[in-house]
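Residue strings, one per chain:
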Amino acid sequence: MIPVARRITAVGAVCTLGAALAACGTSGPARQAPAGSTVSASPSPARPPVLAPGPGGLTPVFEHGPRTRGKTVAFTFDADMTADQGPRAAAGEHFDNPGLIAALRALKVPATVFMTGRWAEQYPAEARDLGHDPQFEVANHSWSHYAFTADCYGLPTVDADGMRADVQRAYTSLRAAGVPHAMPYFRFPGGCYDQRSLRRLSGLGVTAVQWDVVSGDAFATDADAVVKQVLDGVKPGSVVVLHCTRSAAPTTERVVRTVVPELRKRGYRFVKVSELIGQADGQR
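Source: prediction; values computed, not measured.

**Student:** Explain the nonpolar core to me, please; I cannot follow it from the model alone.
**Tutor:** Across soluble globular proteins, nonpolar side chains have a tendency to be buried as a group. Judged by nonpolar contacts, the single largest core of 56 residues is most densely connected at Phe 75, Phe 77, Met 115 and Leu 263. In contact with Phe 75, not counting residues within four places along its chain, are Ala 111, Thr 112, Val 240, Leu 242, Val 259, Val 260, Leu 263, Phe 270 and Val 271. Of all hydrophobic cores here, the second largest spans 18 residues; its members include Val 50, Ala 74, Val 241 and Ile 277.

What follows is the structure, given as structure tokens:
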């Protein structure tokens, strides 16, 4: 996880740099939106939109929505927990951030949470709570949070033969935790992918979701700098990558509480990723 990202494109490989080791959640029983409340996006559709596969059935990649269909922006939060981080959680490290989720609820900001299966197993009550709240949609961030390419921020790697199984195991863990309708969207750990990994996931019916705005919140201690990076980067249709773990992204709640009113003042409407994908060309 790094605070600043750039994109590197090579022949046959793409690795979008981004913060990669954080998590989010909230405690308490599953909840529905309060009667009479207004959330600025409708609940996810029964049959979520996905992009059409590429040539040869290649897994499609989504980075942002249309720039010409109004000022919409999707906040996404990676609920990361790597397979070998159990001892750290047992020692008291928090891979969740209830305060951030409470802030999103209070501000009525819909969001998409990309959750690892390992995180869902560690925090099943939080996973279920998010999965039952119509303000949020939960998507797949792998089970292990191991990289699907080499040289991805020092993350351990999943071998090619295990990639498909890792994604499927994540969906199994989400269901076991009580997430009833995990979305057919997948975010590569670290945002790192290449043609081989896209081919390995072909046929699963998922759309790989990246982003066009890196918040820089990972390990950040200067909330104002993160706020500026988000506000400077957002355009109509943007997907913003954020993190919600108290240990690795301690400023994110403050950032959200500052950025949301400002973006609304600028005329932006907050939506889930599913709405942006639904507007994108080439959907099936």
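**Student:** Can you help me understand the state of the cysteines in this one?
**Tutor:** Linking two cysteines covalently via their sulfur atoms produces the bond known as a disulfide. Under the criterion given, the structure shown has 1 disulfide. Bridging Cys 152 to Cys 192, the disulfide has an S-S length of 2.3 Å. Residues Cys 152 and Cys 192 are joined through a disulfide that is right-handed, its torsion about the S-S bond being 80 degrees. Of the two residues, Cys 152 is situated in the loop between β6 (136-140) and α5 (163-177) and Cys 192 in strand β8 (residues 192-194); the sequence distance between them amounts to 40 residues. Neither Cys 152 nor Cys 192 differs from the other in exposure class; each is buried.

**Student:** What am I meant to see in the packing of aromatic side chains here?
**Tutor:** Ring pairs (aromatic) are described by centroid distance and by the angle formed between their planes. By the definition in use, this model includes 7 aromatic pairs. When the ring of Trp 119 is compared with that of Tyr 123, the centres are 5.0 Å apart and the planes differ by 45 degrees; the resulting orientation is tilted. We classify Trp 119 as buried; its relative accessible area is 0%. Taking the centre distance of 5.4 Å and the plane angle of 20 degrees together, the rings of Phe 188 and Tyr 193 count as stacked.

**Student:** Would you mind showing me how to read the environment of Gly 203 here?
**Tutor:** Position of Gly 203 relative to the elements: it lies in the loop between α6 (195-200) and β9 (207-209). Taking the relative accessible area as the measure of exposure, Gly 203 reaches 68% and is therefore exposed. A C-alpha to C-alpha distance of 8.0 Å links Gly 203 and Leu 58, two positions 145 residues apart in sequence. Setting aside residues up to four positions removed in sequence, Gly 203 forms contacts with Gly 57 and Arg 164.

The rules behind the values
Residues numbered from 1 in each chain as written. Predicted model: local features only at pLDDT ≥ 70, side-chain atom pairs only at ≥ 80, totals over all residues. Heavy atoms only, no water. Core = buried A, V, L, I, M, F, W, Y, C linked by side-chain atoms within 4.5 Å. Buried < 20%, exposed > 50% of the residue type's maximum accessible area, 1.4 Å probe, protein only. Contact = heavy atoms within 4.5 Å. Disulfide = S-S within 2.5 Å. Helix = DSSP H or I, 4+ residues; strand = E, 2+ residues; numbered from the N terminus. Phe/Tyr/Trp six-rings, centres within 6.5 Å; stacked < 30°, edge-to-face > 60°.

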